[in-house]
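Residues per chain are reported as follows:
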Amino acid sequence: MHFGNPLSDTWIGISDEEIPAERALYFLTHRDAGGMTLFLGTTRRMTGERETKHLTYEAYLPMALSEMGRLATEARKQWPILHMVLLHRIGLVPITEISVLIGVSTPHRDAAFLANRWLIDNLKADVPIWKQETYSDGSVEWVKQKG
Amino acid sequence: MQIQVLLFSVLKDQVGHNELNIMLAEGASGADLLDRLEAEFPPIRSFRPFIRLGVNQSFCAEDVILKANDQVALITPVSGG
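A quick note: this is a predicted structure, and the numbers were derived from the prediction, not measured.

**Brief notes about the overall build of chain A**
Here comes step 1: Regarding its fold elements, chain A presents 3 helices and 9 strands.
Here comes step 2: Along chain A, from the amino end to the carboxyl end, the secondary structure elements read β-α-β-β-β-α-β-β-β-α-β-β.
Here comes step 3: Taken over the C-alpha trace, chain A has a radius of gyration of 16 Å; the compact-globule value for 147 residues is 15 Å, and the two agree within 12%.
Here comes step 4: Contacts in chain A between residues at least 24 apart in sequence constitute 72% of all its contacts with a sequence separation of at least 6.

**Comments concerning helix α2 (residues 61-78) of chain A**
Here comes step 1: For α2(A), built from 18 residues, the straight-helix expectation of 26 Å at 1.5 Å per residue is met to within 8% by its first-to-last C-alpha distance of 26 Å.
Here comes step 2: Every buried residue of α2(A) is accounted for by M63(A), A64(A), L65(A), E67(A), M68(A), L71(A), A72(A) and A75(A).

**Section: the pairing of strand β3 (residues 52-55) of chain B**
Residue and element names in this part refer to chain B.
Here comes step 1: Pairing between β3 and strand β5 (residues 71-75): 4 bridges, direction antiparallel. The partner of G54 across the bridge, within β5, is A73.
Here comes step 2: With 3 bridges joining them, β3 and strand β4 (residues 58-60) adopt antiparallel strand pairing. Bridge assignment links G54 to a residue of β4, and that residue is F59.

**Structural notes on the confidence of the model for chain B**
Here comes step 1: Mean pLDDT for chain B: 97, with 100% of residues reaching 70 or above.
Here comes step 2: Prediction confidence for the complex, expressed as pTM and ipTM, is 0.95 and 0.96 respectively.

**Section: the sheet that holds strand β7 (residues 98-106) of chain A**
All names here are of chain A.
Here comes step 1: A sheet is described by the order of its strands in space; here 4 strands give the open sequence β1-β5-β7-β2, paired in mixed fashion. Two strands lie at the open edges of the sheet, namely β1 (10-15) and β2 (35-42), each paired on one side alone. When strand polarity is set aside, the average angle formed by the axes of neighbouring strands in this sheet is 5°.
Here comes step 2: Alignment of strand β5 (residues 83-89) against β7, held across 6 bridges, turns out to be antiparallel. From the neighbouring strand, M84 faces β7, where its bridge partner is V104.
Here comes step 3: Set on the sheet, helix α3 (residues 109-126) makes contact with β2, β5 and β7; between it and β7 the angle comes to about 145°.

**Observations regarding the interface of chain A and chain B**
Here comes step 1: Each side of the interface is counted separately: chain A has 21 residues, and chain B has 13 residues.
Here comes step 2: If you list the elements that add at least two residues to the side of chain A that touches chain B, you get β4 (50-59), α2, α3 and β8 (129-135) of chain A.
Here comes step 3: Examining the composition of the side of chain A that touches chain B, we find that 4 residues originate from one element, α3(A), more than from any other.
Here comes step 4: Along the lines of polarity and charge, the residues of the side of chain A that touches chain B split into 13 nonpolar, 4 polar and 4 charged.

**Focus: unusual backbone geometry**
Residue and element names in this part refer to chain B.
Here comes step 1: With a phi close to 50°, N56 is a non-glycine residue in the positive phi region.
Here comes step 2: Within the element layout of this structure, N56 appears in the loop between β3 and β4.
Here comes step 3: For N69, which is not a glycine, the phi torsion comes out positive at approximately 70°.
Here comes step 4: Overall, N69 belongs to the exposed group, with 10 C-beta atoms counted inside 10 Å.

**Quick word on the nonpolar core**
Here is a general trend for soluble globular proteins: nonpolar side chains tend to be buried in one another's company.
Here comes step 1: One finds A64(A), M68(A), A75(A), V85(A), L86(A), A115(A) and V72(B) to be the most contacted residues of the largest nonpolar core, which totals 59 residues.
Here comes step 2: Here the element with the most residues in this core is α2(A); it accounts for 7 residues.

**Some remarks on the packing of α2(A) against α3(A)**
Residue and element names in this part refer to chain A.
Here comes step 1: With their axes 10 Å apart at the nearest point, α2 and α3 run at an angle of 150° to one another. One finds that α2 runs roughly antiparallel with respect to α3. Judged by the sense of rotation from one axis to the other, the crossing of α2 with α3 is right-handed. Contacts from E67, M68, L71 and A75 in α2 reach A115, W118, L119, N122, L123 and D126 in α3.
Here comes step 2: Of the residues contributing to the contact of α2 with α3, the split by class is 7 nonpolar, 1 polar and 2 charged.

How each quantity is defined
- Within any chain, residue numbers begin from 1 and follow the written order of that chain's sequence.
- Chain labels run from A onward and ligand labels from 1 onward, assigned in the order the entries are written.
- Only residues with pLDDT of 70 or above have their local features reported here, since the model is predicted, and side-chain atom pairs are shown and tallied only from 80 upward, although totals for entire chains, interfaces and linings are computed over all residues.
- Numbered from the N terminus, helices here are DSSP runs of H or I no shorter than four residues, and strands are runs of E no shorter than two.
- Radius of gyration: over C-alpha atoms. The globule rule applied is 2.2 Å multiplied by the number of residues raised to the 0.38 power.
- Any pair of residues counts as being in contact when their C-beta atoms, constructed from backbone geometry, are within 7 Å of one another.
- Multiplying one less than the number of residues by 1.5 Å gives the expected span of a helix.
- Buried means a residue has 20 or more other C-beta atoms within 10 Å of its own C-beta, exposed means 12 or fewer, and partly exposed covers the counts in between; C-beta atoms are placed from the backbone.
- Between any two strands, at least two bridges found by DSSP are needed for them to pair.
- Scored from 0 to 100, pLDDT records how confident the predictor is in each individual residue.
- Inter-axis angles, ranging from 0 to 180 degrees, are taken between N-to-C directions of lines fitted to C-alpha atoms, where helices are fitted over the stretch in contact.
- In this classification, Asp, Glu, Lys and Arg are treated as charged, Ala, Val, Leu, Ile, Met, Phe, Trp, Tyr, Cys and Pro as nonpolar, and every other residue, Gly included, as polar.
- What we call a nonpolar core is a set of buried Ala, Val, Leu, Ile, Met, Phe, Trp, Tyr and Cys residues whose membership is set by joining through C-beta atoms within 7 Å.
- We call two directions roughly parallel when the angle between them is under 35 degrees, roughly antiparallel when it is over 145, roughly perpendicular when it lies between 65 and 115, and oblique otherwise.
- Each crossing gets its handedness from the near helix: less than a right angle anticlockwise from the far helix is left-handed, clockwise is right-handed.

Here it is in structure tokens:
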């Protein structure tokens with residue numbers, strides 16, 4: 001499973017492959033852009049006192065892709081987005097590696113920051129993807145929603 | 001009418017299935033489906049306050065009226081990112 005083919009101005013994908021961050025940056029490039037923001041979510045080793053070995057993500061694939069598409073459409077209503085990338089890796093993601101990439105290019109930097117933050121916050125709230133922690137002591141648990 | 005129920009993450013583990021086929025009366029709602037599921041599968045009960053319904057891949061409120069062959073995902077709080 002690949003990250004799919006970019007449309008002319010939007011690239012949305014879910015795959016068990018490594019996130020192609022350099023390709024995403026290249027895709028975001030636009031001659032009318034004055035700013036690009038790239039957010040990369042990565043697997044963290046320590047959460048409080050507990051040490052993570054790796055994370056494993058599961059998606060309800062067709063709905064996750066359609067929800068990401070809905071977020072992309074809603075973001076374009078709020079900000080003058082030129083190019084946009086939303087990629088999520090599923091399966092096992094070792095520590096330090098990238099699980100999610102959100103990229104936006106806009107004429108001015110304010111919109112690039114705002115749209116990116118809005119997209120990652122809403123992805124984490126609404127896109128049906130779930131994270132399972134495997135700790136260094138071998139225990140495994142699904143991550144509970146905060147608040 | 002038959003409804004296809006999809007389970008993921010913690011619900012899939014606790015119920016022991018990733019898919020269930022449930023027969024409901026015509027005109028049944030999402031709440032009726034959840035009532036039926038929590039009666040048949042006790043692990044679902046403790047998650048009920050947190051479950052959102054994804055009916056044919058769109059979020060719907062519990063009062064949604066289901067149709068034959070609808071696909072209903074039980075979406076516990078998501079944790080992607």
